[in-house]
2 protein chains.
Amino acid sequence: MLDKTVIEQLEALVGKENVLTGKVDLVAYSYDATADVPRQVPDVVVLPTSAEMVQDIVRLARRHKIAIYPRGAGTNLSGGTVPLKKGIVLSFQKMNKILEIDAANLTAVVQPGVVINALNTAVASHGLIYPPDPGTVATATMGGSAAENSGGLRGLKYGVTKNYIMGMEVVLASGDKVRFGGKTVKNVTAYDFSNLFVGSEGTLGIITELTAKLIPAPKFRRTMTGEFKTLADAGNAVAGIIAAQVIPATLEIMDRMTIQTVEDFAHIGLPVDAEALLLIEVDGMSEDVVNAEAEAVMRVVTENNGNLRTANTDQERDQLWTARRNALPALASLNNTVILEDATVPRSRITDMLIACQDIGKKYALTLGTFGHAGDGNLHPTILCDKNNQDEMSRMHKAVDEIFEAALHFGGTLSGEHGIGMAKMKYLGDELGQSGLDLMRSIKESLDPEYVLNPGKMVPVREN
Amino acid sequence: MLDKTVIEQLEALVGKENVLTGKVDLVAYSYDATADVPRQVPDVVVLPTSAEMVQDIVRLARRHKIAIYPRGAGTNLSGGTVPLKKGIVLSFQKMNKILEIDAANLTAVVQPGVVINALNTAVASHGLIYPPDPGTVATATMGGSAAENSGGLRGLKYGVTKNYIMGMEVVLASGDKVRFGGKTVKNVTAYDFSNLFVGSEGTLGIITELTAKLIPAPKFRRTMTGEFKTLADAGNAVAGIIAAQVIPATLEIMDRMTIQTVEDFAHIGLPVDAEALLLIEVDGMSEDVVNAEAEAVMRVVTENNGNLRTANTDQERDQLWTARRNALPALASLNNTVILEDATVPRSRITDMLIACQDIGKKYALTLGTFGHAGDGNLHPTILCDKNNQDEMSRMHKAVDEIFEAALHFGGTLSGEHGIGMAKMKYLGDELGQSGLDLMRSIKESLDPEYVLNPGKMVPVREN
C-alpha cells in the first residue's frame, strides 16, 4: 500500500481530478486482454495531461521506488499492462490530441492516447491512411500500439507499427525528456532510438508524443476467399501467391476448427466442411494492376484445388471480413479461457507449422484452432480451456511449450506481434540464449537501473 | 605503440598471415573516403576469418585496453573508420562469403565482408535484388553499409539499409556473441536489436553475420530528365510528383554548379544553362503502371516549366545515370578537398534548403554545388576548397555550420545517410539536446563501458 502522502503529492502534481483511488476504479486497471496471467490491483491510477506531468510523476515514483505501469487501452495480449507490483498505473486517456496533420510531408504528430481509428478518420479527408491495423484499432491507442509494435491484418504489404513511427518524445526513468527522429524520411543522426522504444513494451521509457508516417489511401481493392480440403493445399496456395510476385494487403488463414466456431457464432455461411479458408484482399492505386493481381491470386487458388468465392459488392466484402474479425470473439465465446498465441515462422514453413499445431492439439486432447496472418508466417494457435479444470490447464501449458518449441525449430520466433510481456518471458532464453538475455538486461538497466518502468515484463530478472 | 607481445598474441589467435604490421599496409588503413578529418596510422591490422576469432581479438583488446576499429571497404563519408586512437583495425575482407540464398523466404545470409554488388549478382539469377544502393555499391561491404545504415539512389521507393536487415550475429565488447532476428517478417521478441546495431557505426558491437531481405527485381523502368530555369520550379516539380502519388525509384537533383562541373568532366551533353536538373526513374512489375507513372512525371515536369528528355534505349539511360554517378568524382577533380555534406530536410522544404545552400555559398565566396536525393529531402551540399588555403578553409567551416543550422531550422536532421562519425559530432547536441546526448552515452556505456569499439566516433565523450 502506498503511503498516503504519496497520493497527496500526486494530487498536487496533476490535480485531484486526475488521480483515481476508488476500489472500483483500481480493479478496472488490474488486468488487460490477456488470459492466464496474474492480475493485480494498482495502488493508484494517474491520468497525466502533459509530458511535464509525466516527468514529475516519474521523479516522484523513482524517489519512493514505486513501480510505474504506462497504459493505453489495455488491449494487449501478453500481459504487458498488468500492474504486477502494484504502484502507479499511468493512463494516457487524457493525452489524446492529434497535434498536427502535415499532408505535404505525409506525417501526423499525435499524443499517445489517440485511438488508431481516430487518426485514420482524421487523415481520411486528405486521402491518407495510417496503415498499422491490429484487430483492436477501434480502441487501441497510438502509444500502446507503438510500445507493443503491433502488427495486424495489413502487415504483409504495409508493414507493422515500427515502419510508421518516424520520431518520438519520451520521458525516461531519470525524469529526462528526449526527442528524436522527426519528419525526414532519412535520418542517421544518433542511434535508432525510435525503433528501440517501439516494441520495448514500456520498459525503457514512456512515450509522450509520436510522429507517424502516413501513406496515400489505396483506391481500388478486390476481396476473395479460397476454401481448401487440406492444410497443405492452403499452405501451398499461400506460397504460390507470393511466388507469383503478388503481395496482397491481406492474406489470412482459418483452420477447420476456427471456421466451424465462427460459423456457429455469426451464421454467415462459411464452408464448415473445408479444412482451411484463405481470406485475400489485393489493393492499389491502379484498377488494372489490382485486377491483374486478383486474377493471379484466383489462378493460384484454383491450381491448388481451392474453391473460390469473390466479393462483388461492399456488402459481400464486409461479410467476408466479419468472418475474420469474428475469429477471436467467436473462439472466446466457447469457454472461459482463450489462450491466443502468436508463434511466427518463416513464410516457407507455414504449412509445417499449421500441421504441427493441429498435431499438438490432438496429442493433448485440446480444443485448438489456428488462424492468423498466413502471408507473413504469423499464426495464432488458439486453445480454449476451462480455468477451473486443472488437468486441462496443465495439458494446455504443455501444448503451449510445444508450440513455441516447434516455431523455434522451424526457424521462427516466439512472438510476431503480441510481445513478450509476462506471458512469454520464460521462453525468452530459448530464442536469445544467455548472451541475448544479458544484452536485454544491459540495455534495460542502462536506462532504468531500478526497474521502475513496467517491472516484471519482457526482461527476466537476473538470477544470482 | 603496441607491446610486441600483443602482436604475437594476435598472430597466435588468427595466424601470422592475417596480421599486418608493415608500414605501407598500416598507412593504407589510416584514412577513409572523408575529407577534412584527421588521419591516424593504426598499430596493427587484423583480418579475422571467423566470428570466434573476432571474439578472441575483442577479449585480448579489452584486456590490454586497446581500441578496435571495425572496417569494411572504408568508403564511408564521416570518418567512421579512421583509427583515431591507433590500436587494431579489424578488416573483414576475408569474411566475404554468401552463406545462403533462400529464394522461398526472400532472404540471404552473408558474412560482413561481402560486397553489396556481389550479393546482387548472386541473387540476380533468382530474379531478386537487394535494394540498398549507396553510390559505392561496387566496393562497399554489407557489414560496413549496415553499420552506417547507408542510403543511396533508390531510397525514396525502396528504403535504406535498415529496412533490409532482418537479423544479425554480433560480437559485443564483452566478447559475447549474440544472435537476434532472423527470417520471419514479423518479430517482436526482445528489443529491436537489429535496428539498434544498424547505424551504430561500429560503436556498440561488431557485426559478424547478416540476414538480409531481398525483393523481386522490378521488370520495367522508364528514365527521364527535366531541366529547369529556377530552383523553385525544380523543387515544385519534386513536390508535384509526390503529390501525384507517384513514388519514383530515383528522383535526383543537381544544381547549376554540379551540372557544369559534371559536363566539363564527362562531356555528355548536359544542359549547362539550366539552374537545376532532375533525374527521374520509375520502375515496377507492370508495364502499364510504369508507363502511366512515367506519363504523370512528364506532365508534372512540363507543368513546372521543365524541359523534358527521355531515355529511349539502355544506352541513353546509361548516359543519364553516368551524369549522376559522376557528380562526386567530377566535383572532386576540381580541387584538393571536397566537403560532402548530407543535411536532410522534410520533403516540403527542399526548395528552401536548395536556396539556403546557394546563398551560404555566395556569402562565404565558396565553390558550392548541391546535388542529391531530392525525393527524400536528402541533399548533398558540396564545397570544393584548397586545404592549403587557410582563409578558404575557415570560410568553409563557417559555411558548413550554417548549412546544418539551416537544416535543423527547416525541421531536418544533421545526417540522412552518411552518419555522424568524427565529422558531425560537434553538431550532435544541437539536434539531440543534452538529454539526447546522455541517452546516447547510456546506451554506449551499457555495451562498451571502456570505449574499446570505434572510440572517438558518434558518441561525444562526457565533459566533466
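Residues numbered from 1 in each chain as written. Chains lettered and ligands numbered in written order. Predicted model: local features only at pLDDT ≥ 70, side-chain atom pairs only at ≥ 80, totals over all residues. Heavy atoms only, no water.

K.L.:
So, the relation of the copies chain A and chain B: which residues are in play, and what are the values?
P.N.:
Superposing chain A onto chain B requires a rotation of 180 degrees together with a translation of 0.0 Å along the rotation axis, leaving an RMSD of 0.0 Å. Both copies of the chain, as the preceding transformation shows, are related through a two-fold rotation axis. Residue Ser446(A), judged by its C-alpha, is the member of chain A lying nearest the rotation axis, at 2.8 Å. The overlap is high: 100% of the interface residues of chain A also sit at the interface in chain B, so the same surface is used on both sides. (Least-squares fit on C-alpha atoms with pLDDT ≥ 70 in both. Contact = heavy atoms within 4.5 Å.)

K.L.:
I'd like a rundown of the pairing of strand β12 (residues 220-228) of chain A, residues and numbers included.
P.N.:
Residues and elements named next belong to chain A. Pairing of β12 with strand β14 (residues 276-284) involves 9 bridges; the strand directions are antiparallel. Along β14, the bridge assignment pairs Met224 with Ile280. In this sheet, strand β15 (residues 307-310) lies alongside β12 in antiparallel orientation, the contact comprising 4 bridges. Its bridge partner lying in β15, Glu227 is registered against Asn307. (Pairing = 2+ DSSP bridges. Helix = DSSP H or I, 4+ residues; strand = E, 2+ residues; numbered from the N terminus.)

K.L.:
Describe the environment of Val27(B), naming the residues involved and giving the relevant values.
P.N.:
All names here are of chain B. If you trace the backbone, Val27 turns up in helix α2 (residues 23-28). Under the relative-accessibility criterion, Val27 is labelled partly exposed at 37%. Sequence-wise, Val27 and Ile259 are 232 residues apart; in three dimensions their C-alpha atoms are separated by 35 Å. (Buried < 20%, exposed > 50% of the residue type's maximum accessible area, 1.4 Å probe, protein only.)

K.L.:
Kindly report on unusual backbone geometry, identifying the contributing residues and their values.
P.N.:
Here Lys65(A), not a glycine, exhibits a phi torsion of approximately 50 degrees, which is positive. With respect to the element layout, Lys65(A) can be found in the loop between α3 (51-63) and β3 (68-71). Overall, Lys65(A) belongs to the exposed group, its relative accessible area being 62%. A positive phi angle, close to 55 degrees, is found at Glu201(B), a residue other than glycine. Structurally, Glu201(B) is set in the loop between α7 (193-197) and β10 (205-213).

K.L.:
Lay out the side chain of Ser30(B) with the relevant residues and their values.
P.N.:
Residues and elements named next belong to chain B. Among the secondary structure elements, Ser30 is positioned in the loop between α2 and β2 (44-46). A distance of 2.7 Å separates a polar atom in the side chain of Ser30 from the backbone oxygen of Val27. Contact partners of Ser30, with chain neighbours within four places excluded, come to Arg39, Gln40, Val41, Pro42, Val82 and Pro83. (Polar contact = N/O pair within 3.5 Å; in protein donor to acceptor, adjacent residues only side chain to side chain.)

K.L.:
Outline the packing of aromatic side chains, listing residues and values.
P.N.:
Applying the stated criterion across every chain, the model contains 10 aromatic pairs over all chains. Ring centres 6.2 Å apart and planes at 80 degrees place the aromatic pair Tyr191(A) and Phe193(A) in the edge-to-face group. Residue class for Phe193(A) comes out buried when judged on its relative accessible area of 2%. Aromatic pair Phe180(B) and Phe197(B): ring centres 5.6 Å apart, planes at 20 degrees, arrangement stacked. Taken together, the residues Phe180(B) in strand β9 (residues 177-181) and Phe197(B) in helix α7 connect sequence positions 17 residues apart. Of the two residues, Phe180(B) and Phe197(B), both sit in the buried class. Members of the aromatic cluster, each reached through a chain of ring pairs, are Phe180(A), Tyr191(A), Phe193(A) and Phe197(A). One cation-aromatic arrangement involves Lys444(A) over Tyr451(A); the distance from NZ or CZ to the ring centre is 5.1 Å. (Phe/Tyr/Trp six-rings, centres within 6.5 Å; stacked < 30°, edge-to-face > 60°. Lys NZ or Arg CZ within 6 Å of the ring centre and 35° of its normal.)

K.L.:
Explain the sheet that holds strand β16 (residues 337-340) of chain A to me, and be specific about the residues and the numbers.
P.N.:
Residue and element names in this part refer to chain A. With antiparallel pairing, the 7 strands of this open sheet are ordered in space as β15-β12-β14-β13-β17-β18-β16. Where the open sheet ends on each side, the last strands, each with one partner, are β15 and β16. Adjacent strand axes in the sheet meet at a mean angle of 20 degrees, parallel and antiparallel pairs treated alike. Inspection of the sheet shows β16 paired to strand β18 (residues 378-385) by 4 bridges, in the antiparallel sense. (Axes fitted to C-alpha atoms, helices over the stretch in contact; angles between N-to-C directions.)

K.L.:
Now, about the sheet that holds strand β16 (residues 337-340) of chain B: what can you tell me, with residues and values included?
P.N.:
Residue and element names in this part refer to chain B. The 7 strands are arranged β15-β12-β14-β13-β17-β18-β16 in an open sheet whose pairing can be described as antiparallel. Each end of this open sheet is capped by a strand with a single partner; those strands are β15 (307-310) and β16. Mean inter-strand twist for the sheet, computed between neighbouring axes without regard to direction, equals 20 degrees.

K.L.:
Talk me through the UniProt feature "domain: FAD-binding PCMH-type" (unreviewed entry) in chain A; I want residue IDs and the actual numbers.
P.N.:
Per the UniProt record, "domain: FAD-binding PCMH-type" (unreviewed entry) is annotated on residues 38-217 of chain A. Here residues 38-217 of chain A is 21% helix and 24% strand, with 41 Å between the C-alpha atoms at its ends. (UniProt positions renumbered as here; feature names shortened; annotations may be inferred.)

K.L.:
Which residues make up a negative patch on the surface, and what are the values?
P.N.:
Among the surface-exposed residues, Glu287(A), Asp288(A), Glu287(B) and Asp288(B) lie close enough to one another that they form a single negatively charged patch. Those elements that place two or more of their residues in the negative patch are α10 (287-303) of chain A together with α10 (287-303) of chain B. One can find Asp288(A) in helix α10. (Patch = residues over 30% accessible without salt bridge, like charges linked within 9 Å, V, L, I, M, F, W, Y side chains within 5 Å. Areas by Shrake-Rupley, 256 points an atom, 1.4 Å probe, with all protein chains shown as cover. Salt bridge = Lys/Arg side-chain N within 4 Å of Asp/Glu carboxyl O. Lys, Arg positive; Asp, Glu negative; His and termini not counted. Charge placed at Lys NZ, Arg CZ, Asp CG, Glu CD.)

K.L.:
Can you tell me about the interface of chain A and chain B, naming the residues and giving the values?
P.N.:
Listed as interface residues are 71 residues of chain A and, on the opposing side, 71 residues of chain B. It is Lys186(A), Val188(A) and Tyr191(A) in chain A that bury the most area against chain B; as a group they hold 18% of the surface buried on that side. For the interface between chain A and chain B, the tally reads 6 salt bridges. Note that Asp192(A) and Lys162(B) form a salt bridge whose closest N and O atoms lie 3.1 Å from each other. The set of elements that each furnish at least two residues to the side of chain A that touches chain B consists of β9 (177-181), α7 (193-197) and α15 (428-447) of chain A. With 13 residues, the top contributor of residues to the side of chain A that touches chain B is α15(A). Taken together, the residues that form the side of chain A that touches chain B break down as 29 nonpolar, 28 polar and 14 charged. (Buried area = accessible area lost by both parts, 1.4 Å probe. Nonpolar A, V, L, I, M, F, W, Y, C, P; charged D, E, K, R; others polar.)

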